[in-house]
Protein chains: 2
Amino acid sequence: MQKLRKYIVKNEFQAYLPQRSDFEIVREVILPIRNGEFLVKTEYVSVDPYMRSFATDLSVPYDQFGFQVGKVIDSKNPDYPKDSYVVSHSGWRDYVVLDGQPDEIFNIVPYKPQIESLPISLAIGALGMPGITAYLGLLEICAPRTGEVVCITSAAGAVGSLVGQIAKLKGCVVIGFTGSDEKVDVLKRDLGFHYAFNYKTETDVKETLRSVVKGIDCYFDNVGGDLASAIMECMNEQGRVAVCGAISTYGERTSRHKKLKMPVSVKIEAFSFTQWEWPKQCEALNNLKEWVKKGTIKAKETIANGFEELPDTFVAMLKGESIGKALVKI
Amino acid sequence: MQKLRKYIVKNEFQAYLPQRSDFEIVREVILPIRNGEFLVKTEYVSVDPYMRSFATDLSVPYDQFGFQVGKVIDSKNPDYPKDSYVVSHSGWRDYVVLDGQPDEIFNIVPYKPQIESLPISLAIGALGMPGITAYLGLLEICAPRTGEVVCITSAAGAVGSLVGQIAKLKGCVVIGFTGSDEKVDVLKRDLGFHYAFNYKTETDVKETLRSVVKGIDCYFDNVGGDLASAIMECMNEQGRVAVCGAISTYGERTSRHKKLKMPVSVKIEAFSFTQWEWPKQCEALNNLKEWVKKGTIKAKETIANGFEELPDTFVAMLKGESIGKALVKI
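When you look at the sheet that holds strand β1 (residues 3–9) of chain B in this model, what are you seeing that I'm missing?
Residues and elements named next belong to chain B. If you walk across this open sheet you meet the 3 strands as β2-β1-β4, and the pairing is antiparallel. What marks the edges here is a single partner per strand, and that holds for β2 (23–29) and β4 (62–63). Here 7 bridges tie β1 to β2, and the two strands are oriented antiparallel to one another. The residue bridging Leu4 from the neighbouring strand is Glu28, located in β2.

Sorry if this is basic, but what is going on with the relation of the copies chain B and chain A here?
Between the two copies of the chain lies a rotation about an axis combined with a shift along it. When chain B is fitted to chain A, the residual RMSD is 0.2 Å, and the transformation amounts to a turn of 180° plus an axial shift of 0.0 Å. What the rotation and shift describe, once combined, is the action of a two-fold rotation axis. Across chain B, the smallest distance between a C-alpha and the rotation axis is recorded for Lys267 of chain B, namely 2.4 Å. Here 99% of the contact residues of chain B are again contact residues in chain A; the copies associate through an equivalent surface.

Please explain the interface of chain B and chain A as it appears in this structure.
On the chain A side, the residues contacting the 136 residues of chain B number 135 residues. Summing both partners gives a buried area of about 12400 Å² for chain B against chain A, and 68% of it is carried by carbon and sulfur. On inspection of chain B and its partner chain A, the count reaches 14 salt bridges. Here Glu308 of chain B makes a salt bridge to Arg5 of chain A, at a shortest N to O gap of 2.8 Å.

Looking at this structure, how should I read the pattern of salt bridges?
Oppositely charged side chains can form a pair if their charged atoms are brought close together. Taken as a whole and assessed by the stated rule, the structure comprises 38 salt bridges over all chains. Salt-bridge contacts for Lys6 of chain A lead to Asp63 of chain A; the nearest nitrogen and oxygen are separated by 2.9 Å. Here Lys6 of chain A is found in strand β1 (residues 3–9), whereas its partner Asp63 of chain A is found in strand β4 (residues 62–63), with 57 residues between them in sequence. When the shortest N-O distance is used, the salt bridge between Lys300 of chain B and Asp190 of chain A registers 2.2 Å. Within this pair, whereas Lys300 of chain B is found in the loop between α8 (278–294) and β14 (301–305), its partner Asp190 of chain A is found in helix α4 (residues 181–190), the two belonging to separate chains.

Rules of the game
- Residues numbered from 1 in each chain as written.
- Chains lettered and ligands numbered in written order.
- Predicted model: local features only at pLDDT ≥ 70, side-chain atom pairs only at ≥ 80, totals over all residues.
- Heavy atoms only, no water.
- Pairing = 2+ DSSP bridges.
- Helix = DSSP H or I, 4+ residues; strand = E, 2+ residues; numbered from the N terminus.
- Least-squares fit on C-alpha atoms with pLDDT ≥ 70 in both.
- Contact = heavy atoms within 4.5 Å.
- Buried area = accessible area lost by both parts, 1.4 Å probe.
- Salt bridge = Lys/Arg side-chain N within 4 Å of Asp/Glu carboxyl O.

So this is what it looks like as structure tokens:
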């Protein structure tokens, strides 16, 4: 009887990098397909950073998940005829029996890739989920405008390398961070990034950025951690950060959502009372007045006496010596 | 002839704290008021952190600006009759002749405070611009919901002390950071903050926050710098940060907008390709395909060969050894 091979993760990954011994290849008998089923022979299997990060939330043993593309070699499902190609999130395996139901992790129904005469491997790369992630993450979340500065980390990766090229197409100034001088060269010479830096040898990321641009308008973050923090400190007003991943934190053994050094989604907004019209300000004042009159809110004051006291009162306030509103009675 | 006194800033502030000698009191003759003018005798003058931060953008000498409230003692303007109170942004001075025109910094027309029988000093505090700032900054920018966690820095200040109390009124869990144990006591005992901490003696702000709450939903930032960064790292998903001030940076001698350690307004948004519907994903794939076909975009791949290579390829990708999409041909 024909058998398939698949990888299971049998030991929890102990550090950022898994060990070869954390994986085990298991053989399974391929049962004859039933009505509605079809058998796919895998051609390409994807390896991606999310395989490391999602691992933290799973209990061993589990089948290693992942996208793959393969050819239907036997079918009792008219939607997936023999010899057609199928992309599915079926994991690391050389054969898979599917029935057209969505997978458990991404809820994606196996589908026929529309890649025409291009290499089939692209169906799980630039023309698959990494491509969609790059395209929509950049254009929908960051929404860069012509002339804006777009910064990308893991810039030579599957997603980052596309983000940079799309940003360039859109007329942006493109800056990439990557982890080796060789990849810096690829970014600049091969992919046309305006600037590329090896973050491992950069001593001051903020200085580096400020030496080439005034600030960052869009940051496509794949790394999290200190590098992301440094880049975020260089954001321009009204900047947009698309948080795609946080690979620098994937070795940490806390739950996935706790690991991001920056929050997953947060709106940071500077404001001044002057941005609201006077009627809105009056509404605020009226509510405050009612609260103060009722004693619901205490209006603390630190009042100094005399015109001459103004500078010292100002300095005392700046030193944190007053409580509530600092003012001077004239 | 009657004279008024006003402060001018004659030396640029050299550090965070101004020197007494940076200020000079100047006397000016009060000319008889003309039609449309009125003379105000100052009762209270405000001192606020923005007086330090705006200073960086001004050239000495300049009249010290600021809100004040006073009584009209002579008037040739029917909108501002004798004996009425007027709030204006007229600076540090004991008398001022006004004509009802808006000031240069905030563009605010002098106005009669609506404080009924409450102390007139509140007109430049809880029932003035600091009150409006606290109320609208919290309720419009942070928009906290009942049960959410609101964190405030400079929590015992004019604005912060109100923000915390309003947040408590709205049913939030309120955490304040301030600069002395005395003020911590005021926040907890007098103003009803659920938690208050002295940031000067906190060794690990993130640990402290995580010991009392799961995360922060709303952060009302008055300080910027390291304390703000640490708090922002504790934000919950969909958190909102209202950046009101950045007092920790006001000593730095760069232009005001460059000084904020965090950007003034930025949207940080995590995403996954799964958040978009399939038609939107297809649109992405179609555009990518056209670009790849035309060669506008290069789809870099690092392809290993053989089922057995999967774990090593995965690890190599995590180590940054691949360029573009990493995959394995089966």
